Amino acid sequence: MTVDPAPPLPTIAAALRRERDRAGISLTELARRAGIAKSTLSQLESGTGNPSVETLWALGVALGVPFSRLVEPPAAAVRVVRAGEGPRIRSEHADFTGTLLAAGSAHARRDLYVLELEPGAVRVADPHTPRSVEHVVVAAGRLRVGPESELVELGPGDYATFPGDAPHRYEALAPGTFAVLVMEHP
């Protein structure tokens, strides 16, 4: 099996153009709202560049759409994501990789991710769309997660939920930390 560690650039490019057009805003205005350089956004919309999870979250918040809408390929009737496959997006600040397994539909706004984390730098997440909620189940390793004021430590089989619309963080406390994240969006 070959694993492609690169983000799904054609999917991201098409989604950014589609969502920007839907919102009726210019490239310049979206870049301003997301706090990124216009040249960076232009590269992403043309299918070049190497977006970090932070950049894509900022764009999703600026567009008012879940992160998954920017990285999820068009859906098929039956979809299988084999271990190590799926759109993988790495953090630029921590050894943190999120793999989208399933995105919510218009009727069920939830996204499902697999997270792979290693000890070291902490993944600090900016607030997501208002009223979003995160649910985390640890499959292996140890994880410190949650809002800064209410961090909790989780081990294999442990579950936590917290508001996704406030600053929060993910920190691996053991090598090979692996978790499942469900994000709910209103």
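As the structure is a computational prediction, the values presented were derived from the model and not from experiment.

Section: empty space enclosed by the protein
For the structure on display, the rule yields one cavity of 30 Å³ or more. When its volume is computed, the largest cavity comes out at roughly 130 Å³. Contributing to the lining of the largest cavity are 16 residues, with Val53, Trp57, Phe96, Leu115 and Leu181 lying nearest its centre. When residues of the lining of the largest cavity are traced back to their parent elements, those giving at least two are α4 (53-63), β2 (96-102), β3 (110-117), β4 (123-125), β9 (168-172) and β10 (177-184). The residue makeup of the lining of the largest cavity, split by class, is 11 nonpolar, three polar and two charged.

Digging into the nonpolar core
Membership of the largest hydrophobic core comes to 40 residues, with the highest contact counts inside it found for Leu59, Val136 and Tyr170. With six residues, α4 is the single largest residue contributor to this core.

Notes on the packing of helix α2 (residues 27-34) against α4
Close contact between α2 and α4 brings their axes to 8 Å; oriented N to C, the two are set at 110 degrees. Viewed along their axes, α2 and α4 adopt a mutual orientation that is roughly perpendicular. The handedness of the crossing between α2 and α4 is right-handed. For the pair α2 and α4, the contacting residues are Leu30, Arg33 and Ala34 in the first and Ala58, Leu59, Ala62 and Leu63 in the second. For the contact of α2 with α4, a count of residues per class yields six nonpolar, no polar and one charged.

Structural notes on the confidence of the model for the chain
Of the residues in the chain, 87% reach a pLDDT of 70 or more, and the chain-wide mean stands at 84. The weakest mean pLDDT in the chain belongs to β2 at 73; the strongest belongs to β9 at 94.

Remarks on unusual backbone geometry
Phi is positive for Arg131, close to 65 degrees, though the residue is something other than glycine. Looking at the element boundaries, Arg131 is found in the loop between β4 and β5 (133-140). For Arg131, a relative accessible area of 60% gives the class exposed.

Here's the deal with the environment of His185
Locating His185 in the fold gives a position in the segment after β10. Setting aside chain neighbours within four positions, we find His185 in contact with Pro66, Arg109, Asp111, Thr129 and Ser132. Looking at His185, its side chain comes within polar contact range of the side chain of Asp111, at 2.8 Å.

About the thresholds
- One numbering rule holds for all chains: residues counted from 1, following each sequence as written.
- With pLDDT at 70 or above as the cut-off, local features in this predicted model cover only qualifying residues; side-chain atom pairs require 80 or more to be listed or tallied, and sums for whole chains, interfaces and linings still use all residues.
- With hydrogens and water stripped out, all remaining heavy atoms of the structure feed into the side-chain values.
- In the cavity and pocket records, a cavity denotes points on a 1 Å grid over the protein atoms alone where a 1.4 Å probe fits but cannot get out, a pocket denotes an open set with protein on both sides within 12 Å along at least 5 of 7 lines, and lining residues are residues with an atom within 4 Å of a point.
- Grid points are joined across faces, edges and corners, and a volume is the space filled by probe spheres set on the points.
- Strands here mean DSSP runs of E at least two residues long; helices mean DSSP runs of H or I at least four residues long; both are numbered from the N terminus.
- Only Asp, Glu, Lys and Arg are considered charged in this grouping, and only Ala, Val, Leu, Ile, Met, Phe, Trp, Tyr, Cys and Pro are considered nonpolar; every other residue, Gly among them, is considered polar.
- Buried Ala, Val, Leu, Ile, Met, Phe, Trp, Tyr and Cys residues form a nonpolar core when they are joined through side-chain atoms within 4.5 Å.
- Think of it in three bands: with a 1.4 Å probe and only protein chains considered, a residue is buried below 20% of the maximum accessible area for its type, exposed above 50%, and partly exposed in between.
- Each axis is a line fitted through C-alpha atoms, taken for helices only over the stretch in contact, and angles between the N-to-C directions span 0 to 180 degrees.
- To sort the angles, those under 35 degrees are grouped as roughly parallel, those over 145 as roughly antiparallel, those from 65 to 115 as roughly perpendicular, and the leftovers as oblique.
- Two helices that cross are described as forming a left-handed crossing if the nearer one is turned anticlockwise from the farther one by less than a right angle, and a right-handed crossing if clockwise.
- Working rule for contacts: check all heavy atoms of both residues, and any pair within 4.5 Å makes them a contact.
- One number per residue, pLDDT, summarises how confident the predictor is, and it ranges from 0 to 100.
- Polar contacts, as counted here, are pairs of nitrogen or oxygen atoms within 3.5 Å of one another; within protein the pair requires one atom able to donate a hydrogen and one able to accept it, and residues that are adjacent in sequence qualify only if both atoms are side-chain atoms.

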